[in-house]
Amino acid sequence: LPPAGPSGSPLPPAPALSRPGAPPPPVPLASAVDAALVPELGDRVLSLEGDFFVFDFAFRREARQRHESERRPETDEHYALGTYMHETLVTADGLGLPPSLERKDLLPKVAELMSQKSWPYVRQTYAGGDECVLAGGRRVERSVEARIACSPDGRLNMLVREPDFCTYVFVIYSPALCAVPEYAPRSAKLAQGAARGAGNGGGDGERDREEL
């Protein structure tokens, strides 16, 4: 019989004791991502100079592009590309793995080496940017998908591409995210399922690609 308390009711079970040397309980993935990225990116604005525009990325706040001329300020252009909407840590295919970067997202200088592995990323959506007028008068709002991945060279890098008109992909390579095991580069074979869920960056065209 289980031991009884003073009133005769069974005593509650004793709390489980951790064995000496046992690993600590796992940290929820969202908390681990916050612990890595907020100190590194939370108060920063990353800026990347392209051929014409400068692209600005404010983590979990907004994305913008601008063109400024000291000689002809009347030609200055400023566009909001989107404000932060939500974040996705794993794909919706039931595997519970983060999505993986596409080949065109890899750092150009080390793309061949990087292509030997799969690079998981945190997906963020920035929407509701300034309006674009496309061919035929069709109007769309600018938007950004930010993909934050472990940095292969220990430095903070940023790439920008425009796979479709007024739809952008910002790839941020974060040294801090490498400390989260789920975002360490992994065997491409293990990540094939997650990679199938990652291809929502838009069309095949690529108009801007730079390194920070």
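The rules we used
- Residues numbered from 1 in each chain as written.
- Predicted model: local features only at pLDDT ≥ 70, side-chain atom pairs only at ≥ 80, totals over all residues.
- Heavy atoms only, no water.
- Helix = DSSP H or I, 4+ residues; strand = E, 2+ residues; numbered from the N terminus.
- Buried < 20%, exposed > 50% of the residue type's maximum accessible area, 1.4 Å probe, protein only.
- Contact = heavy atoms within 4.5 Å.
- Areas by Shrake-Rupley, 256 points an atom, 1.4 Å probe, with all protein chains shown as cover.
- Pairing = 2+ DSSP bridges.
- Axes fitted to C-alpha atoms, helices over the stretch in contact; angles between N-to-C directions.
- Phe/Tyr/Trp six-rings, centres within 6.5 Å; stacked < 30°, edge-to-face > 60°.
- Salt bridge = Lys/Arg side-chain N within 4 Å of Asp/Glu carboxyl O.

Visitor: Lay out the overall build of the chain in plain terms, naming residues and giving numbers.
Guide: Counting its regular elements, the chain contains 3 helices and 12 strands. Sorting the 212 residues of the chain into buried and exposed places 39% on the buried side. Sequence separation of 24 or more characterises 62% of the internal contacts of the chain that already satisfy a separation of 6 or more. Accessible surface, the chain: about 12,200 Å² in total, of which carbon and sulfur atoms supply 55%.

Visitor: Describe the sheet that holds strand β1 (residues 45-49), with residues and values.
Guide: Strand order in this open sheet of 8 strands is β1-β2-β3-β4-β6-β9-β11-β10, and the pairing throughout is mixed. Looking at strand neighbours, the two that pair on one side only are β1 and β10 (157-164), the edges of this open sheet. On average, each strand axis in the sheet is inclined to that of its neighbour by 25°, with strand direction left out of account. Pairing between strand β3 (residues 62-67) and strand β4 (residues 77-88): 6 bridges, direction antiparallel. Opposite A63, over in β4, you have G82 as the bridge partner. Those strands touched by helix α1 (residues 29-41) are β1, β4, β6 (121-128), β9 (143-150) and β11 (167-174), and its axis lies near 95° from that of β11.

Visitor: Please give an account of the packing of aromatic side chains that cites residues and values.
Guide: Enumeration according to the criterion identifies 7 aromatic pairs in this entry. A ring pair is formed by F52 and F53, whose centres lie 4.9 Å apart and whose planes are at 90°; its orientation type is edge-to-face. Their ring planes at 90° and their centres at 6.0 Å tell us that F55 and F170 sit as a pair that is edge-to-face. With F55 in strand β2 (residues 54-58) and F170 in strand β11, this pair connects stretches of sequence that are 115 residues apart. The burial state of F55 is the same as that of F170; both residues are buried.

Visitor: Mind laying out the pattern of salt bridges, listing which residues take part and the relevant values?
Guide: By the definition in use, this model includes 14 salt bridges. Residue R66 is joined to D56 by a salt bridge in which the shortest nitrogen-to-oxygen separation is 2.6 Å. On the criterion of sequence distance, the pair formed by R66 in strand β3 and D56 in strand β2 is long-range, its members being 10 residues apart. Relative accessible area serves as the criterion here: at 22%, R66 is assigned to the partly exposed category.

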